Amino acid sequence: RERLKDRPLTLPPPDPGSVWHLYVIRTPKREALRGHLEKRGIETGVHYPLPLHLQPPFASLGYARGRFPQAERAADEVLSLPMYPELGEEGVDRVADAIGDFFGGG
């Protein structure tokens, strides 16, 4: 969190009691950042690429794109960064450095 705080990202709120099984950031440049990280061998995830109202099981409700813009924006911007016990400080630094390179300023 400390290494990413000055980047144009929305970070999860600090929570000292959390065990963080996912670390999900938001950026309007998600696909470009995701590609940049992939080229550096850093896997990311997009766990919910479609908001509920646009998923096939809810099509009968008739909600079109644009009906829930906040949910749609979130679905378009969320990106899960690597988060697992074996990542270690070196792995965290590698991810933070790659994100810094993407936004400029290392």
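Quick summary incoming for the structure in this document. Please read these numbers as outputs of a predicted model, since none were measured by experiment.

### Things to note about a nonpolar patch on the surface
Then step 1. Together, L52, F58, L61, Y63 and F68 make up an exposed nonpolar region whose accessible area comes to about 470 Å².
Then step 2. Along the chain, F58 falls in the loop between helix 1 (30-39) and helix 2 (69-77).
Then step 3. A residue is classified by how much of its surface remains accessible, and F58, at 33% relative accessible area, is partly exposed.

### Focus: helix 2
Then step 1. Buried residues of helix 2: E72, A74, A75 and E77, and no others.
Then step 2. The inward-facing, buried residues of helix 2 abut strand 1 (23-26), helix 1 and strand 2 (78-81).

### Regarding the pairing of strand 1
Then step 1. Side chains of strand 1 alternate between two faces, with Y23 and I25 buried and V24 and R26 left unburied.
Then step 2. Pairing of strand 1 with strand 2, which is carried by four bridges, proceeds in the antiparallel orientation. Each residue of the ladder has a partner; that of V24, found in strand 2, is S80.

### Comments concerning the pattern of salt bridges
Then step 1. Under the definition given, this model contains six salt bridges.
Then step 2. With a shortest N-O distance of 3.1 Å, R26 and E77 are connected by a salt bridge. Here the residue R26 occupies a position in strand 1, and E77 occupies one in helix 2, the gap between them amounting to 51 residues.
Then step 3. As a salt-bridge pair, R65 and E72 come within 3.7 Å of each other at their nearest N and O atoms.
Then step 4. Relative accessible area serves as the criterion here: at 7%, E72 is assigned to the buried category.
Then step 5. By sharing partners, the salt bridges in this structure join R3, D93 and D97 into a single network.

### Details of the side chain of T27
Then step 1. Position of T27 relative to the elements: it lies in the loop between strand 1 and helix 1.
Then step 2. Separated by 3.1 Å, the side chain of T27 and the backbone nitrogen of K29 make a polar contact.
Then step 3. Once residues within four sequence positions are removed from consideration, T27 is found in contact with P8, L9, L33, D76, E77 and F103.

### Regarding the nonpolar core
Then step 1. Counting 16 residues, the largest nonpolar core has L4, L9, I25, L33, L37, L81 and I99 as its most contacted members.
Then step 2. Counting residues per element, the ones that place at least two in this core are strand 1, helix 1, strand 2 and helix 3 (88-103).
Then step 3. The leading source of residues in this core is helix 3, at five residues.
Then step 4. When sequence neighbours within four positions are dropped, the list of residues in contact with L9 reads L4, I25, R26, T27, L33, I99 and F103.

The rules we used
Residues numbered from 1 in each chain as written. Predicted model: local features only at pLDDT ≥ 70, side-chain atom pairs only at ≥ 80, totals over all residues. Heavy atoms only, no water. Patch = residues over 30% accessible without salt bridge, like charges linked within 9 Å, V, L, I, M, F, W, Y side chains within 5 Å. Areas by Shrake-Rupley, 256 points an atom, 1.4 Å probe, with all protein chains shown as cover. Salt bridge = Lys/Arg side-chain N within 4 Å of Asp/Glu carboxyl O. Helix = DSSP H or I, 4+ residues; strand = E, 2+ residues; numbered from the N terminus. Buried < 20%, exposed > 50% of the residue type's maximum accessible area, 1.4 Å probe, protein only. Contact = heavy atoms within 4.5 Å. Pairing = 2+ DSSP bridges. Polar contact = N/O pair within 3.5 Å; in protein donor to acceptor, adjacent residues only side chain to side chain. Core = buried A, V, L, I, M, F, W, Y, C linked by side-chain atoms within 4.5 Å.

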